[in-house]
Amino acid sequence: MNTVRTVLGDVPPRELGVCNAHDHLFLSSPQLPGQELREASAARAELAAFRTQGGGTVVQWTPYGMGRRAADLPLLARDSGVHVVAATGLHQAAHYGAELLRRLRGGLAELFVSELTQGIGTSGVRAGLIKVAGGFHSLDAHARWTMAAAAEAHHATGAPIAVHLELGTGALDVLDLLCGELGVAPQSVILGHLNRSPDLAVHRQAAEAGARLTFDGPSRANHATDWRMPDAVRALAEAGFGDRLLLGGDTTTAAARSVDGGPGMPYLLRRVRPRLELALGKELVERILTENPQSAFAADWR
């Protein structure tokens, strides 16, 4: 039976409710000095605000070595009444020190499998997806290494693979590698940040390949991508790919949290949802927020 692996255990997909398919409660990186998401109180407030808007699940894409605070996630999920899904995986090399990356050589896939099946560190919290990342219109050696490890862990566990696309680019290269070379079923690949590169032809090709497509904003690439996003989503839906679409918030800095004056997690339901309803209708948007994540994040865990 397919289930979604949350920080409180495996649950039937139908229990997810309205899902924020890509966001962050905790996140630290040398690339974001002074903007780390570290405070449990702020994370609790974000979940509460999301819940007030009708939210039921948040999928945190924060991978290994970036301040996931896995041990704090179960209590936050219980207190808020919001399901939380944690990630294993590895981001771009720029987010890590060279010594840490050297230590991971030769054992990355085993680390991913352990965090998916045994738990993250000593927390006992199991990850429910694998997060990796591409580069800007390219896949460097680091990306290929991490994606090969992700594919190995996927084959061992059944876990979905979520991919950070740098500024929304490189989707087809990612699919060529993960699905073409490494044998990952395309429906197990979740592509992120497609709103940041509103290339309708690439979106169509990725959907035709069978991948899941995530539009997670508001965009930080340039403002034009925000007003083009509804057209991109509508084009995919009209082409018959409405079941491949996901929506997320992707809050990555303290300034972007709603409790600090930014859009934060509530923005997805407070502003993005009604904007998309104008373009797609309420029924389809509801399915994108509920039924599609149920399918995307569920696995027949091994």
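In this report, the structure presented in the accompanying data block is examined.

Thresholds applied
- Residues numbered from 1 in each chain as written.
- Predicted model: local features only at pLDDT ≥ 70, side-chain atom pairs only at ≥ 80, totals over all residues.
- Heavy atoms only, no water.
- Pairing = 2+ DSSP bridges.
- Helix = DSSP H or I, 4+ residues; strand = E, 2+ residues; numbered from the N terminus.
- Buried < 20%, exposed > 50% of the residue type's maximum accessible area, 1.4 Å probe, protein only.
- Polar contact = N/O pair within 3.5 Å; in protein donor to acceptor, adjacent residues only side chain to side chain.
- Contact = heavy atoms within 4.5 Å.
- Axes fitted to C-alpha atoms, helices over the stretch in contact; angles between N-to-C directions.
- Phe/Tyr/Trp six-rings, centres within 6.5 Å; stacked < 30°, edge-to-face > 60°.
- Lys NZ or Arg CZ within 6 Å of the ring centre and 35° of its normal.
- Arc of directions from axis to C-beta.

### Notes on the sheet that holds strand S1 (residues 3–6)
In step 1: What the three strands build is an open sheet, ordered S2-S1-S12; its pairing is antiparallel. Pairing within the sheet leaves two strands with one partner each, and these edge strands are strand S2 (9–11) and strand S12 (298–299).
In step 2: Note: S1 against S2, three bridges, orientation antiparallel. Residue pairing across strands places valine 4 opposite valine 11, the latter belonging to S2.

### What about the side chain of histidine 24?
In step 1: In this structure, histidine 24 sits in the loop between strand S3 (18–23) and helix H1 (40–52).
In step 2: Look at histidine 24 and you get buried, because its relative accessible area is 5%.
In step 3: Here aspartate 250 takes part through its side chain, which lies 3.2 Å from a polar atom of the side chain of histidine 24.
In step 4: Discounting chain neighbours no more than four positions away, the residues touching histidine 24 are Leu37, Gln60, Trp61, Thr62, Lys131, Asp250, Thr251, Thr252 and Met265.

### As for the sheet that holds strand S5 (residues 83–85)
Sheets are built from strands that pair by backbone hydrogen bonding, the pairs being arranged parallel or antiparallel.
In step 1: With parallel pairing, three strands are arranged side by side in an open sheet as S3-S4-S5. The strands lining the two open edges of the sheet, one partner per strand, are S3 and S5. Geometrically, the sheet is characterised by an average inter-axis angle of 20° between neighbouring strands, direction not taken into account.
In step 2: The pairing of strand S4 (residues 55–60) with S5 spans three bridges and is parallel. Following the sheet pairing, valine 58 is matched in S5 by valine 84.

### Observations regarding the packing of aromatic side chains
In step 1: By the definition in use, this model includes zero aromatic pairs.
In step 2: Residue placement shows arginine 5 over the ring face of tryptophan 301; its charged tip is 4.2 Å from the ring centre.
In step 3: Above the plane of the ring of tryptophan 145 lies arginine 105, whose end atom (NZ or CZ) is 3.8 Å from the centre.

### Quick look at helix H2 (residues 73–80)
In step 1: Along H2, the positions that sit buried rather than exposed are Leu73, Pro74, Leu76, Ala77 and Ser80. Projected down its long axis, H2 shows its buried positions confined to an angular sector of 165°, all on one face.
In step 2: Where H2 is buried, its residues touch H1, S4 and S5.
In step 3: Among the residues trailing H2, glycine 81 stands out with phi positive, at a value near 75°.

### Digging into the pairing of strand S11 (residues 245–248)
In step 1: Residue alternation in S11 divides its side chains into two sets, Leu245 and Leu247 and Leu246 and Gly248, and both sets are buried.
In step 2: Across four bridges, strand S10 (residues 212–216) lies against S11 in parallel orientation. Directly across from threonine 214, in S11, lies its bridge partner leucine 246.

### Details of unusual backbone geometry
In step 1: A positive phi angle, close to 50°, is found at leucine 167, a residue other than glycine.
In step 2: Note on placement: leucine 167 falls in the loop between strand S8 (161–164) and helix H6 (171–181).
In step 3: Located in the positive-phi region is histidine 193, a residue other than glycine, with phi close to 75°.
In step 4: Relative to the elements of secondary structure, histidine 193 occurs in the loop between strand S9 (189–192) and helix H7 (200–209).

### Some words on the packing of H1 against helix H9 (residues 266–280)
In step 1: In contact at an axis separation of 7 Å, H1 and H9 are set at 35° when each is read in the N-to-C sense. Contacts between H1 and H9 pair Glu46, Ala49 and Phe50 from the former with Pro266, Leu268 and Leu269 from the latter.

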